Amino acid sequence: MDPMRPAPDTLLIHGDRDLRDDSSLAPPILPSVTHSAADAVEFAEMASTPRHPRFYTRYGNPTHERAARLITGLEGAEAGLMTASGMGAISAVALGLLKAGDLAVGQTSHYMGTTKLFTEMLPRFGVRTRLVDQTDTAGLLAAIGEGARLVMVETPVNPTMAVTDLAAVAQAARAAGAISVADNTFASPINQRPLAHGIDLVVHSATKYLGGHHDLIAGAVAGPTALVEKIWDSAIVLGATLGAFDAWLLLRGLRTLPLRVARANDNAMAAARFLEAHPAVEAVHYPGLESHPQHALARRQMSGFGGVLAVRIRGGYEPAARFVAALRLFTNAVSLGGVESLAVHAAAMWAGTLDDAQMRAAGVEPNLVRLACGIEAPDDLIADLRQALDATSA
Ligand SMILES: *Cc1c(COP(=O)(O)O)cnc(C)c1O
């Protein structure tokens, strides 16, 4: 190992070593929201330093600083900012960088909160927004070329696992003078590093892979110092401050990220291959499969394909519901990226209000099930999928 440029696995264990307070190897939990200054000069310095880790926790916190150090190291970024949630990070980026009259370009398919931000909230403040199909690279580049100030992409995206061309978007954004932002939650920095493709800023729901245990809510922004400080300036007003205990849990979860993601990648690939060959399955959406329409692009920009896949069960809504109900290791719950495998029947959220045709029109196939693989043994997960498919067709 080169101690100056360690691999991600090493960086996550030792990258925050110089930020230790004392001789303790495991970090302490630091709940204090305020810190003493030695004199007026030090107080003034604390108050005027962006993200100072020891002034007031809404401005910064020693545990935020350590978690941000690890995440920025993984993403290859200059600076980082921790927030109370992924949406806290995304809204701080948007509200920190946009003003009335600006054009913000996004995707037709985004995390639900981001879609709401683009379609409802930003327009209320006079920001013009344009959402484009992310698989239509030419359309995306054309929208950016119309004078965009900010471009938001998310790849792979929920629930179809469609992929966005990061290098093409980054290049078009640069040419247009726009700031490009990538939500890297689904891939994690182990599988994909958007900054290496020219993207300006990365945002994360650290609730997912970075935390990894379904026991904390957190978010992160990583990018150039000047942009991160500008976003921080709004974030301290918006107030989505990461709590000390969640920051500590996140720091603990981050240590094992590469091991967990490697297993989740393997599990999802094994599940995708098994499901694709099963007669009860209509289609599998996973960027690691050769049958994924953007497999070549995924291979170019990802080193692993992540733990999330979507499967369409033959026969429509009812068999898909029976499949989810029959799963024993995959728990029927929202979220992803933790050690436990989870399953969501996307259309179940609209059951009772929309029929099959209406669901399709809303972009949700009635038979689509999202599987988020955890880190259980692959053979056990496959056996679970097999018995649930048998129960579905019985
Ligand atoms: C979960 C998620 C978010 C929102 O994160 P929270 O931590 O729940 O606020 C944003 N983007 C993606 C891709 C997500 O999966």
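Here we summarise the structure given alongside this text. Keep in mind that this is a model prediction, so the values were computed, not measured. (Residues numbered from 1 in each chain as written. Predicted model: local features only at pLDDT ≥ 70, side-chain atom pairs only at ≥ 80, totals over all residues. Heavy atoms only, no water.)

Thoughts on the sheet that holds strand β10 (residues 331–332)
Selection rule: In short, DSSP must find at least two bridges between two strands for them to pair. To qualify as a helix, a DSSP run of H or I must reach at least 4 residues; to qualify as a strand, a run of E must reach at least 2; elements of each kind are numbered from the N terminus.
Judged by pairing direction, the sheet is mixed, and its 5 strands sit side by side in the order β8-β9-β12-β11-β10 without closing on themselves. Of all strands in the sheet, those bounded by a partner on one side alone are β8 (281–285) and β10. Sheet topology places β8 next to strand β9 (residues 308–313); 4 bridges connect them, and they run antiparallel. Within β9, the residue paired with V284 across the bridge is V311.

Notes on the layout of surface pockets
Heads up, the rule is: With a 1 Å grid laid over protein atoms only, a set of points is called a cavity when a 1.4 Å probe fits there but cannot get out and a pocket when it is open yet has protein on both sides within 12 Å along at least five of seven lines; lining residues have an atom within 4 Å of a point. Grid points are joined across faces, edges and corners, and a volume is the space filled by probe spheres set on the points. Residue polarity follows a fixed list, in which Ala, Val, Leu, Ile, Met, Phe, Trp, Tyr, Cys and Pro are nonpolar, Asp, Glu, Lys and Arg are charged, and the others, Gly among them, are polar. For the domain bounds, the source is a domain assignment made automatically or taken from a database.
If you add up the space inside the largest pocket, you get close to 1,000 Å³. Forming the boundary of the largest pocket are 38 residues, of which H110, Y111, M112, N158 and M349 lie nearest the centre. At the level of secondary structure, the elements contributing two or more residues to the lining of the largest pocket comprise α4 (86–97), α5 (112–124), β6 (201–205) and β12 (368–372). Element by element, the count of residues in the lining of the largest pocket is highest for α5, at 5 residues. Of the residues that constitute the lining of the largest pocket, the class distribution is 17 nonpolar, 15 polar and 6 charged. Structurally, the lining of the largest pocket is a two-domain feature, drawing no fewer than three residues from each of domain 1 (8–255) and domain 2 (258–393).

Section: the environment of A187
The test is simple: Every residue pair with non-hydrogen atoms within 4.5 Å of one another is taken to be in contact.
Looking at the secondary structure, you find A187 in the loop between β5 (179–183) and α8 (188–191). Separated by 106 residues in sequence, A187 and P293 place their C-alpha atoms 18 Å apart. Aside from chain neighbours lying at most four places away, what touches A187 is T155, P156, Q192 and M302.

Here's the deal with the pairing of β5
The test is simple: Burial classes follow relative accessibility: with a 1.4 Å probe on protein chains only, a residue under 20% of its type's maximum area counts as buried, one over 50% as exposed, and anything between as partly exposed. By the criterion used throughout, a crossover qualifies as right-handed when its path from the first strand across the helix to the second strand runs clockwise, the strands pointing away from the viewer.
The element β5 is extensively covered by neighbouring structure, given that 5 of its 5 residues are classed as buried. Of the two faces of β5, the one carrying I179, V181 and D183 and the one carrying S180 and A182 are both buried. When strand β4 (residues 150–154) meets β5, the two strands line up parallel, connected through 5 bridges. Considered in β5, the bridge of E154 is made with D183. Regarding the hand of the β-α-β motif, the stretch spanning β4, helix α7 (residues 166–176) and β5 is right-handed.

Some details on the site of the ligand
Selection rule: The nearness test applies per residue and asks whether one of its heavy atoms lies within 4 Å of the molecule or strand. Side-chain atoms alone can form a polar contact between residues adjacent in sequence; in general such a contact is a pair of N or O atoms within 3.5 Å, and within protein one must be able to donate a hydrogen while the other accepts it. Accessibility throughout is a Shrake-Rupley quantity obtained with a 1.4 Å probe, and a residue counts as covered only by protein chains that appear here. Each molecule is checked against the cavity or pocket grid, and it sits inside if more than half of its atoms lie within 2 Å of the grid points.
Within the structure, the ligand sits among 13 residues, and G86, D183, S205, T207 and K208 are positioned closest to it. Contact between the ligand and D183: a nitrogen atom at 2.7 Å from a side-chain N or O atom of the residue. In this structure, an oxygen atom belonging to the ligand sits 2.8 Å away from a side-chain N or O atom of S205. Notes on the ligand: free accessible area 380 Å², of which the protein chains cover 92%. Cavity membership is defined here by more than half of the atoms lying within 2 Å of grid points; on that basis the ligand lies in the largest pocket. Considering every element that reaches the shell around the ligand, the biggest residue donor is α4, with 3 residues. In the shell around the ligand, the residues fall into 5 nonpolar, 5 polar and 3 charged.

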